[in-house]
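# Secondary and tertiary structure notes
These are the residues of each chain, in order.
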Amino acid sequence: MRRRSLLISVPAGLATLAACGDDKSDSSKASDSPSPSPSGPSAAPPPKIVDGPLPAVTAGTKFDEKPTVAKGSGEPSKQLAVKTLVAGSGKAIAENDFVVANYLGQVWNTAKVFDNSYDRKARLAIQLAQGKIIDGWRYALAGKKAGSRVEMAVPPTWGYGSQGNPQAGIKGTDTLVFVVDVQDTFNAKSSAKGKEVPQGNADLPKVGTNTDGKAPSIEVPKSAAPKKLVAEYVLEGDGEEVAADDSVLVQYKGVLWDGGKEFDSSYASKQLVSFSLQQVVKGWAQGLTGKKAGSRVLIVIPPELGYGDNPPQGSGIKKDSTLVFSVDILAKL
């Protein structure tokens, strides 16, 4: 997609979420780390949600602790079994939201763990939309609140279907058990909510401070573009600091210094973006490193830290352009 090709400095395919994979994957900090993504669109009708049977969580029983889950006993339900183990009090999850979560997945009748995010120390940000995630997650998490721990047993119909997921060692007959710790939920109208920071330098762009989910204004001055990278808070959040090898979930808008024309925006596409800082252009990686989740950041990127003399085709960016971004860091992953 155009919005990703403009940001990411490696082939766009690396930014897409892969299907469940080996728990020992070394792609721990990238947005292509294993996740419960579907093998293909599902045509199955909505399941009936039941409250069992479900295997017991025998260790790591607190929210956001890596759980140990017993092997399933007997035959699993043919329907979607769901239980809230810890009830949160945050925002309720809606269809098409981006959910930030830690999770563990294993096979019902063997207790073989095929994936977990706890060992990677990198949370998942994935959209609860058809074709983006297995239907079991879509139906099980809808209406749950941030701060909740949810356990689910997903039959093949609402998992990977009769084809299974050979890459993860999942057969087409396997019922899957997941424990999901929901950290937060966001949608296309989400904004940073930090404390406003004065923008007193007349030689730098001024960014709007609205927090209504709409794209902030970016006013570019008539002065010459700075020669060095600029990365300053517009709204300063109180979340975790982003490290150089972290992944983030963001809203953003980009304009050219020369003329102020918008060339890319998650607001326009109505789609949040998650990525590893190791995947993006150097100006983004350096500009967001050390910034706090919940913040809006002004980043001014000189050509050598952006696209230089090789801008993406069709982007509207000329060679040696200075780029200006407003970036809302919704979550550190």
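The following paragraphs examine the structure supplied in this document. (Residues numbered from 1 in each chain as written. Predicted model: local features only at pLDDT ≥ 70, side-chain atom pairs only at ≥ 80, totals over all residues. Heavy atoms only, no water.)

This brings us to empty space enclosed by the protein. Enumeration according to the criterion identifies two cavities of 30 Å³ or more in this entry. The space that makes up the second largest cavity amounts to roughly 30 Å³. Lining the second largest cavity are Pro156, Gly159, Tyr160, Gly161, Gly164, Ile170, Lys171, Asp174 and Leu176. Of the residues that constitute the lining of the second largest cavity, the class distribution is four nonpolar, three polar and two charged. (1 Å grid on protein atoms, 1.4 Å probe; cavity = no way out; pocket = protein on both sides within 12 Å on 5 of 7 lines; lining within 4 Å. Points joined across faces, edges and corners; volume = space filled by probe spheres on them. Nonpolar A, V, L, I, M, F, W, Y, C, P; charged D, E, K, R; others polar.)

This next bit is on the pattern of salt bridges. Enumeration according to the criterion identifies ten salt bridges in this entry. Here Lys66 and Asp119 are joined by a salt bridge, their closest N and O atoms 3.0 Å apart. Residue Lys66 is found in the loop between strand E2 (57–59) and strand E3 (68–69), and its partner Asp119 is found in the loop between strand E6 (113–116) and strand E7 (124–127); the two are separated by 53 residues along the sequence. Taking the relative accessible area as the measure of exposure, Lys66 reaches 40% and is therefore partly exposed. (Salt bridge = Lys/Arg side-chain N within 4 Å of Asp/Glu carboxyl O. Helix = DSSP H or I, 4+ residues; strand = E, 2+ residues; numbered from the N terminus. Buried < 20%, exposed > 50% of the residue type's maximum accessible area, 1.4 Å probe, protein only.)

Let us look at the layout of surface pockets. Its volume calculated, the second largest pocket comes out at about 250 Å³. Along its surface, the second largest pocket is lined by 15 residues, and Glu75, Pro76, Thr173, Asp174 and Thr175 are the ones closest to its centre. When the residues that make up the lining of the second largest pocket are grouped by side-chain class, the tally is four nonpolar, seven polar and four charged.

The next thing to look at is the pairing of strand E15 (residues 262–265). As paired strands, strand E14 (residues 247–256) and E15 are joined by three bridges and run antiparallel to one another. Bridge pairing links Val255 to Glu262 in E15. What sits between the antiparallel neighbours E14 and E15 is a turn of five residues, in which Gly259 has the positive phi angle 100°. (Pairing = 2+ DSSP bridges.)

Interpretation note: all reported values are geometric properties and have no functional meaning in isolation.
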